[in-house]
Amino acid sequence: MALRVDATLLIRKIRDLRSLTFRRYRVKEKWAASRPKHPPTSLAQQHFDVTYNTQLGQLWPSVRVALLSERKYGALLNHFCNDAFVEDLHSQGCTDFITVRAGLECDSEFEVEKRDDVVQQQSSLPHLSPNIKCFVFPRGDITRFKPARPDMSGLLSYYLMDAASVLPCLALDVHEGHNVLDLCAAPGGKTLALLQTQAIGFLCLNDASVSRTLRLRKVLHSYIPKQLLSQERLRITSFDGTKWAGIEPNTYDRVLVDVPCTTDRHSLMEDDNNIFTKSRTGERRQLPQLQLGLLLAGVVAACPGGEIVYSTCTLSHIQNVGVVEQAIYLAQENHGIQLQVVDLRPFTHMFRNTFHFASDLHLGEMVVPHLAANFGPIYMCKLRRLT
Ligand code: SAM
């Protein structure tokens, strides 16, 4: 009896408390109605467990743990920001993994076996833009970066991104005066890395999504001086990239094709905007087709002799190697364009102390997430137009 009285009192007290909350702030819990029975993150997990178990074998359990753990970021240094934050980053214990690679250049053990299907680039070590700098904490150190601070003119000091995302931009190897197309550019992390080279002659930034293109513009305004953004050397568009072949064929020295994909890490961790949501199943299944269309369009947009980097943030063989294989075949069949695969192993070898690379890919290179270096996944493949 006493218990029942206490319970009644308690309920009354809760009601009193509720009545103190403005009605408009009261939220009615809708468990059954709003919680999906199978959240997209669980669907992604089930899907990856099947496909990556087959694809990666014994490696999958450890990659899975890394994917489900907190990711590591890199701080892409903004050269357009006036204040010197480098000392600050050094004092926190981070290093620029791109400059540190200089110590590896003298590595006498460096030997790469010849592959029949790829062109060797070993006469000299790969050229790296001296202006792209990305700071990371040491292996196994999962300290988070502080939010970037603005300088006197309001430009932010660094951009936080997966450090492995910088690799496709470095691999693109932009030289002085190059015309560059970034076909799927939003929200702009890789664009910022490309702009750091300060070598681009003309840059076209495109993204099919209007809202994401707006985000790209915001990012550019937070990092790049106004006078550079208003110059005629930069164009921002929101076209369907797969149609680019009809817009500007044979035009660009360098093309970055950073396609939409299953974004494995996001799909495993976030229910919002998740491509494994049931209603997006069709879109997800169409991804390889879209990726192929985008890569082919990028190939046609490059000029003969020009170079194209294809990149994704998925481990999926179908979306990576599968797409590149088909693009090489269809470029020849449908457009008479012969492509050469550029061997990126000398390039990735320089960064082997920072990232874990897949060892058994026959086309392209892939950063595989690892608990001690929890970057990626990032896949990239570099193609050169011969005709
Ligand atoms: N490169 C960006 C960066 O580093 O911040 C990330 C690009 S994200 C992986 C892929 C982008 O492709 C999305 O912003 C998406 O809106 C865009 N996209 C999807 N379909 C497209 C299409 N048909 N043409 C051009 N862009 C497309």
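Procedures and definitions
Residues numbered from 1 in each chain as written. Predicted model: local features only at pLDDT ≥ 70, side-chain atom pairs only at ≥ 80, totals over all residues. Heavy atoms only, no water. Helix = DSSP H or I, 4+ residues; strand = E, 2+ residues; numbered from the N terminus. Buried < 20%, exposed > 50% of the residue type's maximum accessible area, 1.4 Å probe, protein only. Areas by Shrake-Rupley, 256 points an atom, 1.4 Å probe, with all protein chains shown as cover. Pairing = 2+ DSSP bridges. Salt bridge = Lys/Arg side-chain N within 4 Å of Asp/Glu carboxyl O. Core = buried A, V, L, I, M, F, W, Y, C linked by side-chain atoms within 4.5 Å. Contact = heavy atoms within 4.5 Å. Disulfide = S-S within 2.5 Å. Axes fitted to C-alpha atoms, helices over the stretch in contact; angles between N-to-C directions. Left-handed = near helix turned anticlockwise from the far one by under 90°. Nonpolar A, V, L, I, M, F, W, Y, C, P; charged D, E, K, R; others polar. Near = heavy atom within 4 Å. Polar contact = N/O pair within 3.5 Å; in protein donor to acceptor, adjacent residues only side chain to side chain.

Asker: Describe the overall build of the protein, and please don't skip the residues or the numbers.
Answerer: Helix and strand counts for the protein come out as 16 helices and 12 strands. When the 387 residues of the protein are sorted by exposure, 47% land in the buried category. Summed over all atoms, the accessible surface of the protein reaches about 20,000 Å², with 54% contributed by carbon and sulfur.

Asker: Go over the sheet that holds strand E4 (residues 158–161) with me, naming the residues and quoting the values.
Answerer: Pairing within the open sheet is antiparallel, and its 4 strands lie in the order E2-E3-E1-E4. If you trace the sheet from one side to the other, it starts and ends with strand E2 (95–96) and E4, each paired once. As paired strands, E2 and strand E3 (residues 134–136) are joined by 2 bridges and run antiparallel to one another. Counted as the bridge partner of Asp 96 is Phe 135 from E3.

Asker: Lay out the pairing of strand E9 (residues 302–312) in plain terms, naming residues and giving numbers.
Answerer: With 9 of 11 residues buried, E9 lies mostly within the body of the structure. Summarising the sheet, strand E8 (residues 252–258) and E9 pair through 6 bridges and their orientation is parallel. Bridging from a neighbouring strand, Tyr 252 pairs with Ala 302 of E9. Note: E9 against strand E12 (residues 378–385), 6 bridges, orientation antiparallel. Across the sheet, Ile 308 pairs through a bridge with Leu 383, a residue of E12.

Asker: Can you lay out the pattern of salt bridges for me, pointing to particular residues and giving the numbers?
Answerer: Under the counting rule described, the total for this entry stands at 12 salt bridges. With its nearest N and O atoms 2.6 Å apart, the salt bridge here joins Glu 70 to Arg 144. Here the residue Glu 70 occupies a position in the loop between helix H4 (60–67) and strand E1 (74–77), and Arg 144 occupies one in the loop between E3 and E4, the gap between them amounting to 74 residues. Residue classification places Arg 144 among the exposed residues on the basis of a relative accessible area of 60%. Here Asp 88 and Arg 149 are joined by a salt bridge, their closest N and O atoms 4.0 Å apart. Within this pair, whereas Asp 88 is found in helix H5 (residues 86–91), its partner Arg 149 is found in the loop between E3 and E4, the two being separated by 61 residues in sequence. According to the relative accessible area criterion, Asp 88 is partly exposed, its value standing at 27%. Counted as one network, the salt bridges with shared partners bring together Arg 254, Glu 307, Lys 382 and Arg 384.

Asker: Mind laying out the nonpolar core, listing which residues take part and the relevant values?
Answerer: Ranked by internal contacts, the top residues of the largest apolar core, which has 51 residues, are Phe 97 and Phe 347. Element by element, the count of residues in this core is highest for helix H7 (residues 166–172), at 6 residues. With residues up to four places along the chain from it excluded, the contact list for Phe 347 reads Pro 126, Leu 128, Leu 167, Leu 170, Ala 171 and Met 380. Leu 268, Leu 287, Val 323 and Tyr 379 belong to the second-largest nonpolar core, a separate cluster that totals 50 residues.

Asker: Quick rundown of the state of the cysteines? Include the residues and the values.
Answerer: All chains considered together, the criterion is met by 0 disulfides. Of all cysteine sulfurs in the structure, the one in Cys 134 sits closest to Cys 169, which takes part in no disulfide; the separation is 10.0 Å. We classify Cys 169 as buried; its relative accessible area is 2%.

Asker: Lay out the packing of helix H8 (residues 189–196) against helix H9 (residues 210–223) in plain terms, naming residues and giving numbers.
Answerer: Look at H8 against H9: their axes get within 10 Å of each other, and the N-to-C directions meet at 35 degrees. Classified by chirality, the crossing of H9 by H8 is right-handed. Here Thr 191, Leu 192 and Leu 195 of H8 lie close against H9, whose contacting residues are Leu 216, Val 219, Leu 220 and Tyr 223. Residues belonging to the contact of H8 with H9 are distributed by class as follows: 6 nonpolar, 1 polar and no charged.

Asker: I'd like a rundown of the site of the ligand, residues and numbers included.
Answerer: Around the ligand, 21 residues are found, and the nearest of them are Asp 207, Arg 212, Asp 240, Gly 241 and Asp 258. Within the backbone of Gly 241, an N or O atom sits 2.7 Å from a nitrogen atom of the ligand. At a separation of 2.6 Å, a nitrogen atom of the ligand approaches a polar side-chain atom of Asp 258. Sorting the residues of the shell around the ligand by element identifies H8 and helix H14 (287–301) as the ones contributing at least two each. Its residues assigned to classes, the shell around the ligand shows 11 nonpolar, 5 polar and 5 charged.

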